[in-house]
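A look at the structure
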Amino acid sequence: MNSIELFNPAKPDELVWSGKETGPDALADIAASARRAQMRWSLLTGRQRHDRISAFIEAVEARTEALAERMVLEQGKLKSEAQGEVAKSLVEARWMLGRCLEEAGTIMASARPGIRAMKVRRPRGVVLAITPWNFPVLTPMRKIAPALVFGNAILLKPSPESPGAALLLQEAADETLPDGLVGLVLGGASVTAEAIRSEHVDAVTFTGSTAVGRKIMALAAEGLKEVSLELGCKNPAIVHDPADLDSAVDHIVRAAFANGGQRCTAISRVLVHEPLRQSFLKTIKPRLPEPGHGDKATLAPLSTRSQFDKVCRFVRSLDPAETEILAGGRPLDNSNGGYFFQPTLVEVKTSDSAINFEELFGPVLGIEFYSDIDEAIARANAPEYGLTASVFASDLAVVRAFEDGIEAGMIHVNHGTFPDENMPFGGWKASGVGAPSVGQEADQFFTRMQAVYEAV
């Protein structure tokens, strides 16, 4: 078994956690226990599941400060952002909890005399949830809650870069839920592959990069296992003719730089109508967040050394013939070795520049200018990704053109790319495969359809 060591991104010499990967024998035991627990769990009534899951959510809420502290130490979040992540995860989980008490099927019109026909939804069984380092509480919770609500067991495989929060979630589950119903698996790629191939795993839900998602989908296909993949991004915002430019820029800055720009729904490109060029640049520069260690800091560090190095390399490699750095562009001075990178604005002069296509996951915002809305939409759609997008406009024709033409699973009009807890969360193109794990449609992944015919 490999060791796992985690260091504070703000103070990389500070060891904050160490542990071991889950070995093959332990993984087999955890998966088998989940299978046994799921068989019993699926027999409970919706009300019984509701009450047990409600107790679990309360146990998670009681650990809010501990969860926030783990995220600050392991992942580098600002304390306020960490607390906000826990709060949002609880809201989402409680919204999903209500599904326990909803109808679980439909009686259909019979095609034959003496036959009652029904459509019912049954649990998948054991769901493997593979979650990323950037949201160590929110992403696991948005997979754990619906899995349990719909009668499944779940194996949680958090990123080895930030497993501390998952350990606390497991603690809350052990305190309130049947033994084995939520199992924790720690490790990297080899452990993940072994878990996907487990005979006890029936479905796989993953949030992370498109490149890794393709590998996970291929592994799951070996066993014909259902997948839900929430993948990469290169999210655009179009600024055409907002009624309030100050408000539009505030939305963009928050959506671009929250969590250090390390959000799959972060705005990483802004396409600005040419007449707004000067006023937009004048408005956005003073609003950039402040990185650093102090209480006034409003920009988190990058979470890992590899992510920090990636952002540094990418910005250094920008072609001056294609781009111009307008603000930032380098690591923070006097950071005490922390993975802080200045909030960076880059003017994009050529639409085929790499900055328009590569998922960077950092505090770097590309800005380009366009002449008409059709051109802007075409440029916004150019990357392989299609997760989310925003438009800031007063002209209804522009709004309609955006809504009808943009290729993204989630779109926003006159506000930033922050989703609600009761709406589907999923992307188009290379940003997603399968049913979402959030919102009304979550049952399409966490359950299977069954047609029932009763002779009466």
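About the criteria used
Residues numbered from 1 in each chain as written. Predicted model: local features only at pLDDT ≥ 70, side-chain atom pairs only at ≥ 80, totals over all residues. Heavy atoms only, no water. Helix = DSSP H or I, 4+ residues; strand = E, 2+ residues; numbered from the N terminus. Rg over C-alpha atoms; globule rule 2.2 N^0.38 Å. Buried < 20%, exposed > 50% of the residue type's maximum accessible area, 1.4 Å probe, protein only. Contact = heavy atoms within 4.5 Å. Lys, Arg positive; Asp, Glu negative; His and termini not counted. Charge placed at Lys NZ, Arg CZ, Asp CG, Glu CD. Salt bridge = Lys/Arg side-chain N within 4 Å of Asp/Glu carboxyl O. Axes fitted to C-alpha atoms, helices over the stretch in contact; angles between N-to-C directions. Parallel < 35°, antiparallel > 145°, perpendicular 65-115°, else oblique. Left-handed = near helix turned anticlockwise from the far one by under 90°. Nonpolar A, V, L, I, M, F, W, Y, C, P; charged D, E, K, R; others polar. Expected span 1.5 Å × (residues − 1). Core = buried A, V, L, I, M, F, W, Y, C linked by side-chain atoms within 4.5 Å. Pairing = 2+ DSSP bridges. Arc of directions from axis to C-beta.

1. Re the overall build of the protein
Of regular secondary structure, the protein possesses 14 helices and 20 strands. Relative to the compact-globule value of 23 Å for 456 residues, the protein shows a C-alpha radius of gyration of 23 Å, a close match. On the principal axes, the C-alpha backbone points of the protein span a range of 75 × 60 × 40 Å. Scored against the burial criterion, the 456 residues of the protein give a buried share of 58%. Of the contacts made within the protein by residues no fewer than 6 positions apart, 72% connect residues no fewer than 24 positions apart. Each charge sign in the protein was given a centre, from 47 positive and 58 negative side chains, and these centres are 4 Å apart.

2. Remarks on the pattern of salt bridges
Evaluated as defined, the whole model comprises 28 salt bridges. Across the salt bridge formed by Arg142 and Glu92, the nearest N and O atoms sit 2.6 Å from each other. On the criterion of sequence distance, the pair formed by Arg142 in helix 5 (residues 138-149) and Glu92 in helix 4 (residues 79-97) is long-range, its members being 50 residues apart. Neither residue differs from the other here; Arg142 and Glu92 are each classed as buried. A salt bridge links Lys143 to Glu230, with the shortest nitrogen-to-oxygen separation between them at 3.8 Å. Pair noted here: Lys143 is in helix 5 and Glu230 is in strand 9 (residues 226-230), with a separation of 87 residues, a long-range link.

3. Some thoughts on the packing of helix 9 (residues 245-257) against helix 10 (residues 277-284)
Any two packed helices are characterised by how steeply their axes cross, that is the angle between the axes, and by the distance between the axes. Running from amino to carboxyl end, helix 9 crosses helix 10 at an angle of 55°, the nearest separation of the two axes being 10 Å. Our classification of the angle between helix 9 and helix 10 gives oblique. The hand of the helix 9/helix 10 crossing is right-handed. Judged by residue contacts, Leu245, Asp246, Val249, Ile252 and Val253 of helix 9 engage Ser279, Phe280, Thr283 and Ile284 from helix 10. Classifying every residue of the contact of helix 9 with helix 10 gives six nonpolar, two polar and one charged.

4. Brief notes about helix 6 (residues 164-176)
Between its terminal C-alpha atoms helix 6 stretches 19 Å, which fits the 18 Å expected from 13 residues at 1.5 Å a residue. Along helix 6, the positions that sit buried rather than exposed are Gly164, Ala165, Ala166, Leu168, Leu169, Gln170, Ala172, Ala173 and Thr176. Among the structural elements, helix 2 (46-62), helix 3 (64-74), helix 5, strand 6 (153-157) and strand 7 (182-184) are those in contact with the buried residues of helix 6.

5. Thoughts on the nonpolar core
Ranked by size, the top nonpolar core spans 72 residues in total, and within it Phe56 and Val204 carry the most contacts. Apart from residues lying up to four places away in sequence, Val204 is in contact with Leu128, Ile130, Ile196, Ile216, Ala220, Glu226, Val227, Ser228 and Phe445. Val249, Ala256, Leu276 and Leu365 belong to the second largest nonpolar core, which has 26 residues in total.

6. Some thoughts on the side chain of Thr139
Tracing the chain through its elements places Thr139 in helix 5. Overall, the relative accessible area of 5% leaves Thr139 in the buried class. Sequence-distant contacts of Thr139, that is, excluding residues within four places in its chain, are made with Thr131, Pro132 and Thr207.

7. A word on the sheet that holds strand 20 (residues 447-455)
Read across the sheet, three strands follow the order 3-4-20 without closing on themselves; strand pairing throughout is antiparallel. Two strands bound the open sheet, and with one partner strand each, they are strand 3 (105-108) and strand 20. With strand direction ignored, the average angle separating the axes of adjacent strands in the sheet is 20°. As defined by bridge partners, strand 3 adjoins strand 4 (residues 115-123) across four bridges and the pair is classed as antiparallel. Bridged to Thr106 within strand 4 is Lys119.

8. Points about helix 11 (residues 305-316)
With twelve residues, helix 11 extends 16 Å between its outermost C-alpha atoms, agreeing within 8% with the 16 Å of an ideal straight helix rising 1.5 Å per residue. Looking only at helix 11, the buried set comprises Gln307, Phe308, Val311, Cys312, Phe314 and Val315. The buried residues of helix 11 occupy an angular sector of 165° when projected down its axis, which confines them to one face. If you follow the buried residues of helix 11, they end up packed against strand 12 (323-327) and strand 14 (364-370).

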